[in-house]
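# Geometric and topological summary
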Amino acid sequence: VPATAAPGGAAAPGRGGSAAVADLSDVIPLPASVAPSGRPVELGPGTLVRVQAGSPEAAAAAQLLVDLLRPSTGFRLPVVPTDGPDDASRPLSGISLLTDGADPALGDEGYVLEASGRSVVLRAATREGLLHAVQTLRQLLPPAVEARDAQPGPWLVPGGRVEDRPRFAYRGAMLDVARHFMTVEEVQGYVDSLAAYKVNHLHLHLTDDQGWRIEIPGWPRLTEVGAATEVGGGPGGSYTQEDYAAIVAYAAERGVTVVPEVDLPGHANAALVAYPELTCDGVAPEPYTGIEVGFSTLCVDKEVTYDFVGDVVRALAAATPGEYLHIGGDEALVTTEEEYARFMRRVLPLVEATGKTAVGWQELLPLAAGPAGGGPVTVGQYWVPGAPEQPLLDSLARGNRVVMSPADHAYLDMKYAEGFPLGLQWAGFTGVEDAFAWDPATYAEGIGEQDVLGVEAAIFSETLEDLDDVETMAFPRLPGIAEIGWSPRATHDWATYRERLALQGPRWERRGVDYYRSPEVPWA
Ligand code: TNX
């Protein structure tokens, strides 16, 4: 049987010449292994979605799949169990989501996708693996699949087998909702975009000098007063506990774990405006709507500070099913090194007591005991461009881990180039290639693959007022960070990556996702 899935996306024969079928490797992040074979599989009005009987994981992934495919295909796509009565008459036709028989070597997030004959089979041991398989299948269908209303099709999936699993367990994206508040709907919209690229953590920067964005029981003025500001003087805003739960649940349904951050002890002006007793002199500072950093701090020598931080940490832990709790720790420029250490040595146990793993910006890492020092694993977020300092390397040697988000590659709030209307430039300009062409395991001298939990694309929002602005910075750069976090090192290749990236443009257009048509990408 001649392969019809020619490289580069050949026109499918006998389809009126207008339809293209994707190449099996037209996927971001590039799968670990791709083996094209046979003819494309066509989905049609009679396609069934078969779910492993008794598998809630498969049922959950099937729900995401039909929610994605029904609007644009217009097909009913009924979900039926695999042992249903019509298996006998139409063996394996349709899309099957299976958990039985998954190879343990696929790990927590791996999956296999096989398209042949009349069937597409998605197989994984976990819900996360099946969700990733669904996202791969989505990218293998024509861009029209992203439309929210019925499109003509045909709906062809290239034939062959994809076997896939991530290089790093943690692929994250940080969204700063403190400098400019983003609504629940905006955050959920961003989650949709992240899940498409198998990004599995959403780090929410919930507090900063310009605003406190999350309701904390017992401290009502945080949101009554501390949330009423943002950069530039806009109205700000905050999430109630219900709002936060809605974000967490929406993300979880898409395989994305929320990592909440409260930035301590610096970046705290909004909290100090709300509760002046948290300052050393007891005097409330002025609300802040500028974009300077490093001028505020909680008073590290007052007991009320630790009552406050304890309540915040426990509230966030209770509202967050995920493993991680981010306590900031960056740019504490008005505390001495000694004060900072004293503060963090009291706060780290508060996090530990909740059962969560503490995450902090890289400044925190030297203070974390780590397994070799009799403590839990703490995760540091590497952000300062250049070489790490020895205390950080020593901390990694004690068994702590690092998430790589070096500002010169992974800070997607940096401008693409001189004169770009949005973004900052303190870490330089970050082109599309710059965001992609780096390796998390060799970027920083002394930090190797075994130290690296994963990668994160960070977006601070001093200059970004809403989700459209955030998307313009994220796309097309964020998929590059997703790819280096997921795909095998040996596959990294800008020349072929940029061709695959160009294929994403029409998908963003269909979905209404803003992006920058960078001249670095050969858009169609
Ligand atoms: C540095 S990154 C900061 C943030 C700013 C950001 C702007 C980090 C840990 N601190 O406070 O918003 O630069 O790019």
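Residues numbered from 1 in each chain as written. Predicted model: local features only at pLDDT ≥ 70, side-chain atom pairs only at ≥ 80, totals over all residues. Heavy atoms only, no water.

### Overview of the domain arrangement of the protein
- Under the domain assignment used here, the protein contains domain 1 (33-164) and domain 2 (170-488).
- Distance from the C-alpha centre of domain 1 to the C-alpha centre of domain 2: 35 Å.
- The interface of domain 1 with domain 2 comprises 11 residues on the first partner and 11 residues on the second.
- Surface buried jointly by domain 1 and domain 2 totals about 900 Å² across both partners, of which 47% is contributed by carbon and sulfur atoms.
- The largest share of the area that domain 1 buries against domain 2 comes from E109, H132 and Q135, three residues that together contribute 40% of it.
- At the boundary of domain 1 and domain 2, one finds one salt bridge.
- Among the salt bridges present, the one from R171 reaches E109, with a minimum N-O distance of 2.8 Å.
- On the surface where domain 1 and domain 2 come into contact, there are six residue pairs in polar contact (both at pLDDT 80 or more).
- With seven residues, the single largest contributor to the side of domain 1 that touches domain 2 is helix 2 (residues 127-140).
- Grouping the constituent residues of the side of domain 1 that touches domain 2 by class yields three nonpolar, four polar and four charged. (Domains from an automatic or database assignment. Contact = heavy atoms within 4.5 Å. Buried area = accessible area lost by both parts, 1.4 Å probe. Salt bridge = Lys/Arg side-chain N within 4 Å of Asp/Glu carboxyl O. Polar contact = N/O pair within 3.5 Å; in protein donor to acceptor, adjacent residues only side chain to side chain. Helix = DSSP H or I, 4+ residues; strand = E, 2+ residues; numbered from the N terminus. Nonpolar A, V, L, I, M, F, W, Y, C, P; charged D, E, K, R; others polar.)

### Considering the sheet that holds strand 4 (residues 79-81)
- As summarised here, the arrangement of the seven strands in space is 1-9-6-7-5-3-4, forming an open sheet in which the pairing is mixed. Each end of this open sheet is capped by a strand with a single partner; those strands are strand 1 (33-36) and strand 4. Going across the sheet, the axis of each strand differs from the next one's by a mean of 15°, ignoring polarity.
- As defined by bridge partners, strand 3 (residues 49-51) adjoins strand 4 across three bridges and the pair is classed as parallel. Residue V51 lies in a different strand from strand 4, and its bridge partner there is P81. (Pairing = 2+ DSSP bridges. Axes fitted to C-alpha atoms, helices over the stretch in contact; angles between N-to-C directions.)

### Regarding the nonpolar core
- Formed by 107 residues in total, the largest nonpolar core has its most connected members in Y190, L204, W212, Y239, F308, I447 and L478.
- Sort the elements by how many residues they give to this core and helix 7 (residues 303-319) lands first, with nine residues.
- The contacts of L204, once residues within four sequence positions are left out, are L175, V177, V187, Y244, I247, V258, V259, P260 and E261.
- Residues V41, L113, L137 and V145 belong to the second largest nonpolar core, which totals 36 residues. (Core = buried A, V, L, I, M, F, W, Y, C linked by side-chain atoms within 4.5 Å. Buried < 20%, exposed > 50% of the residue type's maximum accessible area, 1.4 Å probe, protein only.)

### Comments concerning the site of the ligand
- Neighbouring the ligand are 14 residues; R179, Y411, D413, W426 and E462 lie closest to it.
- Take D413: an N or O atom from its side chain is 2.7 Å from an oxygen atom of the ligand.
- For the ligand, an oxygen atom lies 2.5 Å from a polar atom in the side chain of E462.
- When the residues that make up the shell around the ligand are grouped by side-chain class, the tally is eight nonpolar, one polar and five charged. (Near = heavy atom within 4 Å.)

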